[in-house]
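# Chains, contacts and geometry: an overview
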Amino acid sequence: MSEIPAHPAHPVRPSVLSDEAALGELDRSTWSTLHAVSPRPQPPYPPFFDDSHRPPDFLVAEARDAAGEVRLAGYTRLVPPTPLACNTHVRQIQGLAVADWARGRGIARGLLRAAMAVARNQEANRITLRVLGHNTPARALYASEGFVVEGVLPSEFFLGGRYVDDVLMGRSLAP
């Protein structure tokens, strides 16, 4: 898979093994109860990639930082939601993160659009995701790209001292 067109200033490409350190740092630096259900990462940090989180499952965006250096600015993970043959027409976004220094530059939208393009290229006709109910910015982004709420698991998680809904969203990938 080659570079995926998303935004001319912020190319999106499949991740490679050499992205591991930057992805791990990005993942740790963006951790928040706004979107994470796992505990805050603590050293020693496990590898970012493992048997269930392989480089081909991730798309990464690059952008210039304040010093003009091109750096990894964000990522998303796109995978089949289950290993079942009857579910091969669906892809699921399982994580999307953008570095603090790169926010507000269209990187999350570019990653989302690239994920939909890759899913279509993989002959998927549907894409889904899960987002925490209180993550208003992410929900607004997904809705603006055609995702609709397909279900809500009320009070599914207890984060930061309160119960939070798990919102299931999806959309067709038909042209």
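Just above sits the structure.
Predicted model, so just to flag it, every value in this text is computed and none were measured.

Next up on the list: the overall build of the protein chain. If you tally the helices and strands in the protein chain, you get three helices and seven strands. The N-to-C order of helical and strand elements in the protein chain reads β-α-β-β-β-α-β-α-β-β. Computed over its C-alpha atoms, the radius of gyration of the protein chain comes to 16 Å, within 12% of the 16 Å expected for a compact globule of 175 residues. Taken along its principal axes, the extent of the C-alpha atoms in the protein chain is 45 × 40 × 30 Å. Residues classed as buried in the protein chain amount to 39% of the 175 residues present. For the protein chain, restricting intrachain contacts to residue pairs at least 6 apart in sequence, the fraction spanning at least 24 positions comes to 61%. Of the roughly 9600 Å² of accessible surface on the protein chain, a fraction of 54% belongs to carbon and sulfur atoms. The averaged location of the 18 negative side-chain charges in the protein chain is 5 Å from the averaged location of its 18 positive side-chain charges.

The amide bond that connects Pro 43 to the next residue, Pro 44, takes the cis arrangement and shows omega of 0 degrees. With respect to the helices, strands and loops of the structure, Pro 44 is situated in the loop between helix H1 (20-29) and strand E2 (58-64). For Glu 123, which is not a glycine, the phi torsion comes out positive at approximately 65 degrees. Here Glu 123 lies in the loop between helix H2 (107-121) and strand E5 (126-132). The exposed category is assigned to Glu 123, whose relative accessible area is 70%. The backbone of Ser 155 sits at a positive phi, close to 50 degrees, despite the residue not being glycine. Assignment of secondary structure puts Ser 155 in strand E6 (residues 148-159). Residue classification places Ser 155 among the partly exposed positions, given a relative accessible area of 41%.

Another point: the nonpolar core. Counting 38 residues, the largest nonpolar core has Tyr 75, Ile 93, Ile 107, Ile 127, Tyr 142 and Phe 147 as the members making the most contacts within it. Secondary-structure elements contributing two or more residues to this core are H1, E2, strand E3 (70-79), strand E4 (90-98), H2, E5, helix H3 (136-144) and strand E7 (162-172). Aside from chain neighbours lying at most four places away, what touches Tyr 75 is Leu 23, Leu 26, Asp 27, Phe 48, Phe 58, Leu 59, Val 60, Gly 95, Leu 96, Ala 97 and Leu 111.

Another point: H1. All of the buried residues along H1 are Leu 23, Gly 24 and Leu 26. Projected onto a plane normal to the axis of H1, the buried residues spread over an arc of 165 degrees and lie on a single side.

Turning our attention to the side chain of Gln 92. Mapped onto the fold, Gln 92 is located in strand E4. Exposure remark for Gln 92: the relative accessible area of 14% places this residue in the buried category. Ignoring sequence-local partners within four residues, the contact set of Gln 92 consists of Arg 77, Leu 78, Val 79, Pro 81, Thr 128 and Leu 129.

With that settled, the discussion passes to the pattern of salt bridges. Taken as a whole and judged by the stated rule, the model has ten salt bridges. Notably, a salt bridge pairs Glu 145 with Arg 109, separated by 2.5 Å at the nearest N-O pair. Taken together, the positions of Glu 145 in the loop between H3 and E6 and Arg 109 in helix H2 put the pair 36 residues apart, joining distant regions of the chain. Residue class for Glu 145 comes out buried when judged on its relative accessible area of 9%. Asp 166 serves as the salt-bridge partner of Arg 130, at 2.2 Å between the closest nitrogen and oxygen. Here the residue Arg 130 occupies a position in strand E5, and Asp 166 occupies one in strand E7, the gap between them amounting to 36 residues. With a relative accessible area of 2%, Asp 166 lands in the buried category. A cluster of three or more residues bridged by salt bridges with shared partners is formed by Arg 13, Asp 19 and Glu 62.

The rules we used
Residues numbered from 1 in each chain as written. Predicted model: local features only at pLDDT ≥ 70, side-chain atom pairs only at ≥ 80, totals over all residues. Heavy atoms only, no water. Helix = DSSP H or I, 4+ residues; strand = E, 2+ residues; numbered from the N terminus. Rg over C-alpha atoms; globule rule 2.2 N^0.38 Å. Buried < 20%, exposed > 50% of the residue type's maximum accessible area, 1.4 Å probe, protein only. Contact = heavy atoms within 4.5 Å. Areas by Shrake-Rupley, 256 points an atom, 1.4 Å probe, with all protein chains shown as cover. Lys, Arg positive; Asp, Glu negative; His and termini not counted. Charge placed at Lys NZ, Arg CZ, Asp CG, Glu CD. Core = buried A, V, L, I, M, F, W, Y, C linked by side-chain atoms within 4.5 Å. Arc of directions from axis to C-beta. Salt bridge = Lys/Arg side-chain N within 4 Å of Asp/Glu carboxyl O.

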